[in-house]
Amino acid sequence: MNCHVLSCLTPCSYRAFASALIICCLPHGGLDAQPPDDYRDYAAFRSRVADLAASPHVEMESLGTTRGGRDILLVTVSDNHEAGAEAKKPAILVLGSVDAESLVGCWLALEMIADLAGSRLDTGNASSALKDVTFYFIPRPSPDASERAFQEPLVSTAVNERPTDDDRDGQIDEDPPEDLNGDGMITAMRIADPAGEYLLHPDDPRVLIKADPTKGEHGKYRLLIEGVDNDRDKLWNEDGPGGVDFNRNFTFRYPYFEPGAGPHQMSEVESRVVADFAFNHPNIFLVFSIADADNLNHPWKGGAGGGRIKRSPQGEDAKYYQRFAEEYRELIDHKDAPSVPKAESEGAFAPWAYYHYGRWSLAARGWWPEKIDAPPSSSEQSDSEQDESAEAQEPTDAAEDEGGQPASGSSNQPAADEEAGGDMKNSGGKASTEKRGSDELRTLRWFEAKDIDAFADWTRIDHPDFPGKVVEVGGFMPFVRRHPPVGELDAAPLLELLTGIADERAKLSILDTVTEELGENVVRITARVVNRGSLPTASKMGEIAGKLQRAMVQLSGPGKMEVLVGPRRQDLSVLAPGEVVEKTWLVRLPADSSLADLKLRAGEPSIGFVESSVTSSSAGEPNP
Amino acid sequence: MTIHRSIRLISLSVALVGVMTCTSSIVAAPNSVYQPLGAPADPLVAARWNFYRDYAEATGLLKQIAAAHPKWCRLESLGQSYGGRELWVMTITNQADTSENEDSKPGFWIDGGIHANELQAVDVVLYTAWYLAETAERSEFTQRLLNERVIYLMPMMSPDSRDAHMYRPNSTNSPRGGQMPVDDDRDGLVDEDPSEDLDGDGSITQMRIRDPNGKYKVHPEYPNYMVRIEPGELASFTGERYTLLGSEGFDNDGDGRVNEDGDGYYDPNRDWAWQWQPGYMQRGAYRYPFSIKANRLVAEFITDHPNIAGGQSYHNTGGMILRGPGSNSDSWPRGDIAVFDRLAKRGEEMLPGYRYLNTAKGLYEVWGGEHDWLFAMRGIFAFTNELNTPFNLFRKKGDAGSWFGSALDRYRFDRLLLFGEGFVDWHEVDHPEYGRIEVGGQKKNWGRQPPSFMLEEECHRNMAFTLFHADQGPLVEIDRIEVEPLAGGLRQVTATLINRRLTPTRARHDVQNGITAPDRVELTGPTVVAALMSDSVVFDRPEEVTRDPAAIRLERLASQTPKYIRWLVTGNEQPTVTIRSVKGGTATKSAE
């Protein structure tokens, strides 16, 4: 994303706008926004969850109610719900639309529930890993914000309904965007301006890129969100309706004073109920979110680990994140997910779950446009085609060509005239090595290949704020860009990944116990506990964060048993996969009791508990 | 100064700041009572200031004050604490103003007792409420303050634990947190291993056992005082020896640790949003900022009152006036620190033995502390006073950097002035694990709290500093308006705006981050053609204001630093200038 490009003008709560850097050189009729039925508005979402909850393995409850009166729904999938059985098993927490403006996450979460409950548990077709692990889903954590996808004018925004003073001028929501061309959508507007910062992309004039003055480039356009400057502060649409972004309201690297971040960390009911749910469920060992803050396509890299405030995976954790990413990549078809801007982690949910909540936290984008070799697109066959200049680079894939030289020099500059069509330089499917705008190009190509209108054509309007200037409205359609036809989405690899990790989770086992009777009912008990899983019993950050219960091993026996050496409840250290730890007690049993009265119990809620009786063995016998 | 003259002066100062209502006046004390200076001898609400009120008593006092002084005081509850106690806030101002006007007056926030064991912090706030109410019609200073400003007082930030400290076994150091049950030691059991009051005297004291090889002995002069036997003395020492066993209690849950999970643990003063860090960085941090309900209600109240410009929290102990930032990695604008410095230097004069310190550098690092949030996220110049300076024991400088003074001074003070009431004499008890041992030591009402005869002075001196700070909060004035005719039917209206107090209308940090809205200066009457702004009396280097020229945005009014606004206008109407500052109040003036 090019968030930084417009950050001075654009609240990040509207950050999706900032990437709508698309214009079309052949304006034609406006497109009406398509109601995205498949992605389910709130009512349809609720009713789908209610349908799913008909399964005996699925339970639904509300964690809280938003400002807009919508429930934040929790769906619990467990083999067994009797007597709180789900809370007694290790658990995975899945969040759907962490980026509230994308309903892909919610859609995938509901598919995972249907698959997990319907195709597996209901049919008795589930692996033991699925039976032994509880799955909590919060498919739509910020339902008010997500509902904006169903309200006119269509706008891409992740913020809820709290009125906020985004530009901190003392007035609230006073400069919203306006649908100037009446197409039912808020897109972008560009103003021909020799002092503007933007240029047309040499390969596709629909894409605007930021000029680089150090390379002799000069901008030709200003680029703004569609609308007027209601409050006459020379900022356009900088304070629209709402609000706070769920995914910028958490405590890790909180972006103080930034639009969308809210008055303070966890200021919103949405973030608070999710965090409280997490803290109240010590059985959760893994958090999975469908989010742009994607650490499966772009795994977090371990840092030096120095510094008191932890901002990179600690100890061995980076290796495990690498392993999760490898497992994920084996399951998905295309591996070219867009990179993650640093700002995506500021106040975001997924890093919070690792750094502050202390659980393994995995996140992946739900969907992104697969790279498609560009056929000559309709827009590139414009009436302003020019011959490829002799100096042009070989056609290359801009995004992959790391060593490519960005297009520069006067021959690649847009023409000075202000008609969009006049700026065409490349055509016929040959591409320059320009890397700027590659995400936009890729997205355009993907939608073209699918024959989907994903952008609103550029239309000229008379703009009251820019008398006498050429102002055009157009760009990516706010909803469509992030929402392919649902047939393109696939929840199966995600569920496969989680099933695999459920199987890899730390699993304690009491290997054996040895008792030595020393006489006069004095008994020495030695037990060995092993982690039979492929994950440690806690991540290093989990140890540091201190938000997991400590794993303990406890000896219980008759009430009058004296513990001479213990204590009765002892800490188990964090056990790496395969690691064995030995614990010893010296007790004196009451005369009327026997070894059969002794029991060992080891574990903590996120790895589960194991119990063992204490078997008798001859004194002095060496440990097996 | 005669009473008559003071009334005139007050009316004049009120008119200057545009407060419409001023019906009060100073009432002379009846001749039948000889009035000491300080608090009145014949208050409407009789109150003693030499003991500590529990929640019910404090609630009763607040209700009495509100009932006796309806013209000045209003009592409300922000909601209930975890334990169901009301979270009282008393608003003191000239209540004849409508609440709309009230919010446009500069506000000041005072709270106490967020750490409930820090007992006198509550009483200082109660005293302040009582003193303001009782002197509103007797003191020229108080009345002007309450006409100009609105004071919000929250005496008990943690009322559940205040009663827990008083009525359950505790030490002077407990409970610091609230009463919400928390699994302190992360073993899946909640509050399962508290301290035990083995001798049932209400104080959690210390345990010792006679041990022929122990390394402690009693102090030769003060037998309650356990001192280490010097290594060189160990071989030759023939007296009774002891081993110390920690504070009263036993291992309830069989994990080998004693008293590791009692009530509380979470620290309500590590729960505020600025520079909040989780528990691994900041011990006592709970889940996230304002995860403690009482704090969330306070934060909402303060956020809903952006007019609050200054703040004061009371804690103990050690005699300090603390400002932020709480972490060494944080830094605030130098100009703002200079404001803190000017205020607190005066405080050091008013509070002998108190030292003015930056929290992080002078005390220790605090991530997510309340006064940091007040300043850095609400733009409020706020201090924390650590009450109870060891200086007060014998009115001499204690050990530098010491919070409690030297142990010998405490035992000496106890013997000379408390007649030995500060300590429990060592005596034998049965311990379920250790057998026959002894308990004894400092009582819970000695250590952090002044004894009765020192409490009232502590209350008054701290209040005086806080009211000085409140009085030095921003207050906007329109110094003068000059109108000059220009050629061609234009007139020039020039207004001089000033804030004569030590605190700016907006901190630089506030301006940098847009915490509160800019001050607005409106011209009504004639039609505005253009607006210019200058920092100079000769209107040097004017700057044109193009956005809303009839209601211009002013970044701030710094202390004693005039701003000059010049409008070019048409029309013959009388020009009226109004300045509205979120934190600096409102002033209005018409041209002659």
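Residues numbered from 1 in each chain as written. Chains lettered and ligands numbered in written order. Predicted model: local features only at pLDDT ≥ 70, side-chain atom pairs only at ≥ 80, totals over all residues.

## Comments concerning the overall build of chain A
Broken down by element type, chain A carries 12 helices and 20 strands. Contacts in chain A between residues far apart in sequence, at least 24 positions, make up 75% of those at least 6 positions apart. (Helix = DSSP H or I, 4+ residues; strand = E, 2+ residues; numbered from the N terminus. Contact = placed C-beta atoms within 7 Å.)

## Points about the overall build of chain B
Secondary structure summary: chain B contains 14 helices and 23 strands in total. C-alpha extents for chain B along the principal axes are approximately 105 × 60 × 45 Å. Counting all 592 residues of chain B, 47% fall into the buried class. Taking contacts inside chain B between residues at least 6 apart in sequence as the whole, the part at least 24 apart equals 75%. (Buried ≥ 20, exposed ≤ 12 C-beta atoms within 10 Å, placed from the backbone.)

## Structural notes on helix α8 (residues 334-350) of chain B
Residues and elements named next belong to chain B. In a regular helix each residue adds 1.5 Å, so 17 residues correspond to 24 Å; α8 covers 25 Å between its end C-alpha atoms and thus fits that length. Restricting attention to buried positions, one finds in α8 the residues D336, V339, F340, L343, A344 and G347. Projected onto a plane normal to the axis of α8, the buried residues spread over an arc of 110° and lie on a single side. Turned more than 90 degrees away from the buried face of α8, the exposed residues are R334, D341, K345 and E349. Elements that come into contact with the buried residues of α8 comprise β10 (320-323), β11 (355-358), β12 (381-387), α13 (452-471) and α14 (508-513). (Expected span 1.5 Å × (residues − 1). Arc of directions from axis to C-beta.)

## Observations regarding the sheet that holds strand β20 (residues 551-554) of chain B
Pairing between sheet strands relies on hydrogen bonds along the backbone, with the strands arranged either parallel or antiparallel. All names here are of chain B. With antiparallel pairing, 4 strands are arranged side by side in an open sheet as β20-β17-β22-β23. Two strands close off the open sheet at either side, each with one partner strand: β20 and β23 (585-590). Neighbouring strand axes in the sheet, compared pairwise and without regard to direction, differ in orientation by 15° on average. One ladder, built from 6 bridges, connects strand β22 (residues 576-581) with β23; its direction is antiparallel. By the bridge assignment, V577 is partnered in β23 with K589. (Pairing = 2+ DSSP bridges. Axes fitted to C-alpha atoms, helices over the stretch in contact; angles between N-to-C directions.)

## Observations regarding helix α3 (residues 42-52) of chain A
Structurally, the α-helix is built with 3.6 residues per turn, so residues lying three or four positions apart point the same way. Residue and element names in this part refer to chain A. Residues F45, V49 and L52 constitute the buried set of α3. Each buried residue of α3 sits inside an arc of 60° when the element is viewed along its axis, so together they form one side. In α3, the exposed positions that point more than 90 degrees away from the buried face belong to A43, S47, A50 and D51. Looking at the buried positions of α3, the neighbouring elements they touch are β1 (58-65), β2 (71-77) and α4 (104-121).

## Quick word on the pairing of strand β13 (residues 423-431) of chain B
Residue and element names in this part refer to chain B. The pairing of β13 with strand β14 (residues 435-442) spans 7 bridges and is classified as antiparallel. Counterpart to F423 in the pairing with β14 is Q442. If you look at the hairpin formed by β13 and β14, you'll find 3 residues sitting between the two strands.

## Describing the nonpolar core
I92, V94 and I113 of chain A are the most contacted members of the largest nonpolar core, which has 144 residues in total. Take this core: its biggest share by element is 11 residues, from α4 of chain A. (Core = buried A, V, L, I, M, F, W, Y, C linked by C-beta atoms within 7 Å.)

## What about the packing of helix α2 (residues 55-68) of chain B against helix α4 (residues 120-135) of chain B?
Residues and elements named next belong to chain B. Contact pair α2 / α4: the axes reach a minimum separation of 10 Å and the direction vectors enclose 15°. By the criterion of interaxial angle, the relationship of α2 to α4 is roughly parallel. Two packed elements cross with a definite hand, and for α2 against α4 that hand is left-handed. Where α2 abuts α4, its residues A58, L61, L62 and I65 lie against V122, L126, A129, W130 and A133. Grouping the constituent residues of the contact of α2 with α4 by class yields 9 nonpolar, no polar and no charged. (Parallel < 35°, antiparallel > 145°, perpendicular 65-115°, else oblique. Left-handed = near helix turned anticlockwise from the far one by under 90°. Nonpolar A, V, L, I, M, F, W, Y, C, P; charged D, E, K, R; others polar.)

## Quick word on the interface of chain B and chain A
With 24 residues of chain B at the interface, the matching set in chain A holds 27 residues. When its residues are assigned to classes, the side of chain B that touches chain A shows 10 nonpolar, 8 polar and 6 charged.

## Here's the deal with the confidence of the model for chain B
All names here are of chain B. Confidence in the prediction of chain B, expressed as mean pLDDT, is 93, and 94% of residues score 70 or more. Taken together, the stretch residues 1-22 has pLDDT below 50 and engages in 31 contacts with residues farther than four places along the chain or on a different chain. Confidence estimates for the predicted assembly give a pTM of 0.90 and an ipTM of 0.92. (pLDDT = per-residue confidence, 0-100.)

## With respect to unusual backbone geometry
Peptide bonds are, in most cases, trans, and in most cases residues other than glycine have a negative phi. Residue and element names in this part refer to chain A. In this chain, G566 is followed by P567 through a cis amide linkage whose omega measures 0°. Along the chain, the position of P567 falls in the loop between β16 (562-565) and β17 (569-571). Positive phi values are uncommon outside glycine, yet R168 reaches one of about 55°. Locating R168 in the fold gives a position in the loop between α6 (143-147) and β5 (188-192). C-beta crowding within 10 Å serves as the criterion here: with 18 such atoms nearby, R168 is assigned to the partly exposed category.

## Observations concerning the environment of N513 of chain B
With respect to the helices, strands and loops of the structure, N513 of chain B is situated in helix α14. Here the alpha-carbon distance between N513 of chain B and M166 of chain B, two residues 347 residues apart in the chain, equals 43 Å.

## Details of the packing of helix α8 (residues 317-331) of chain A against helix α11 (residues 492-504) of chain A
Residue and element names in this part refer to chain A. Contact pair α8 / α11: the axes reach a minimum separation of 9 Å and the direction vectors enclose 140°. In terms of orientation, α8 and α11 fall into the oblique class. Crossing hand, α8 versus α11: right-handed. On α11, the residues that touch F324, E327, Y328 and L331 of α8 are P493, E496, L497, G500 and I501. Taken together, the residues of the contact of α8 with α11 sort by class into 6 nonpolar, 1 polar and 2 charged.

## So, the sheet that holds strand β18 (residues 580-588) of chain A
Residues and elements named next belong to chain A. Taken together, the 4 strands give an open sheet; going across it, the order is β13-β14-β18-β16, and neighbouring strands pair in antiparallel fashion. Single-partner strands in this sheet number two, and they are β13 (508-519) and β16. Within the sheet, the average angular offset between the axes of one strand and its neighbour, ignoring direction, is 30°. Where β16 lies against β18, 3 bridges are found, and the strand directions are antiparallel.

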